[in-house]
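Take a look at the letters that make up each chain.
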Amino acid sequence: MIKTEHKYIEILRILKDYQEPMGAKRLSELLAERGYVMTDRAVQYYLRYLDTRGFTEKVGNQGRILTPSGIMETDRALVDDRIGFVISKLERLAFRSTFDPSTATGDVAYNLTIVPDEIIEPVSHMFDMVRDAGCSFFSGYSVLDRDQRIPPGHTGILTVCSITMDGVFQHNGIPVKVAYGGTIQIEEKNPVRFMNIIGYQGSTVDPLQLFIGAGLTSITQYINSGSGLLLANVRQIPGAAEERGLSLISQMQDCGFRFPLTMGKGRIFNLLTDPHRISLVSFSGMNSIGCAAEAGYKVRTEIGAGTIPFSKVID
């Protein structure tokens, strides 16, 4: 039997994932997709309870949104319930990404960084440096100034999330596994070895945010000298999908995506991987955020904040 608190948490998670007002009917549909079958009336009951706790609030007739307290409650949900939450969220976001590299149309996944206005200029400069050094996942970023998630006195910076790659592969019949997040040592612009690595399966937090918070990157050093520790992800696809995968990668590169850093079977640098699967190593879209953190700028980033039309990213 599904515990009651799990249902509450899942409702909060859906509201956080979709970042838009949502009514009981739509919530009931999304809950069913996740294995929580509930009537609209039952969802209404849960929402009223969440309202009384201050976790949700109504937006006219549009539905509920999370309050700041609701966001905090979602983030500190029971650890045993959150195991695997990160990878599950990324998988859902990949499915929602509809980018078609052959036409450069559709939706891409993105990360959203909230920056206080008083430091937006130097932080933007950090993003520019990472972009110009070629160690970002995508060749640009966008400024988001109208969004309910951006509080007064702040600006949002949108960077394309590498989960977009997963969506492209999946929608073209290639199963992809987000295996690891890590820091990779670069010497004179050549990747040498992984210094730290964490598997996404079973993790309650994103590994790359941990590495940034622990000060385990030297992105600025890389930009200045060509050597340093950068954030990277490791994905795996079936060996039989190599030819189709290479074709899709080429199309995405033509659209401004920058990956892979390397790819192959078996040993990748000092990481031993499945010899029957192809591992793709790519720079993370979080390198921009990591660079700003190294300079001491306090920003808040949501990884996999949603999807957005590709046309809005390149405008």
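Residues numbered from 1 in each chain as written. Predicted model: local features only at pLDDT ≥ 70, side-chain atom pairs only at ≥ 80, totals over all residues. Heavy atoms only, no water.

A. Inspection of the side chain of serine 218 at higher detail. Considering the arrangement of structural elements, one finds serine 218 in the loop between helix H9 (207-213) and helix H10 (219-225). Serine 218 has contacts with Gly228, Leu229 and Glu294, leaving out every residue within four places of it along the chain. (Helix = DSSP H or I, 4+ residues; strand = E, 2+ residues; numbered from the N terminus. Contact = heavy atoms within 4.5 Å.)

B. A look at the packing of aromatic side chains. For the coordinates displayed, the defined rule picks out 12 aromatic pairs. Aromatic pair phenylalanine 99 and phenylalanine 310: ring centres 4.7 Å apart, planes at 55 degrees, arrangement tilted. With phenylalanine 99 in the loop between helix H6 (85-96) and strand S3 (107-116) and phenylalanine 310 in helix H13 (residues 310-314), the pair connects residues that are 211 residues apart, well separated along the chain. Take phenylalanine 99 and phenylalanine 310: they sit in the same class, and that class is buried. (Phe/Tyr/Trp six-rings, centres within 6.5 Å; stacked < 30°, edge-to-face > 60°. Buried < 20%, exposed > 50% of the residue type's maximum accessible area, 1.4 Å probe, protein only.)

C. Structural detail: the UniProt feature "domain: Ribonuclease R winged-helix" (unreviewed entry) in the protein chain. The sites that UniProt annotates as "domain: Ribonuclease R winged-helix" (unreviewed entry) are residues 9-72. Helix makes up 61% of residues 9-72 and strand 9%, and the two end C-alpha atoms of the span are 11 Å apart. (UniProt positions renumbered as here; feature names shortened; annotations may be inferred.)

D. Seen up close, the nonpolar core. Counting 39 residues, the largest nonpolar core has Val123, Ile163, Ile184, Tyr200, Leu230, Val281 and Met286 as its most contacted members. No other element matches H6, which puts 5 residues into this core. Residue contacts for leucine 230: discarding those within four places in its chain leaves Cys135, Gly182, Thr183, Ile184, Ile186, Ile219, Tyr222, Phe283 and Asn287. Leu144, Ala241, Leu248 and Leu280 belong to the second largest nonpolar core, which has 30 residues in total. (Core = buried A, V, L, I, M, F, W, Y, C linked by side-chain atoms within 4.5 Å.)

E. View of the pattern of salt bridges. According to the stated counting rule, one finds 8 salt bridges in the structure shown. We note a salt bridge from arginine 26 to glutamate 29, for which the minimum N-O separation is 3.3 Å. Residue arginine 26 and its partner glutamate 29 are located together in helix H2 (residues 24-33), separated by 3 residues, close to a single helical turn. Given the relative accessible area of 37%, glutamate 29 is considered partly exposed. Shared partners join several salt bridges into a network, and the residues in it are Lys25, Arg26 and Glu29. (Salt bridge = Lys/Arg side-chain N within 4 Å of Asp/Glu carboxyl O.)

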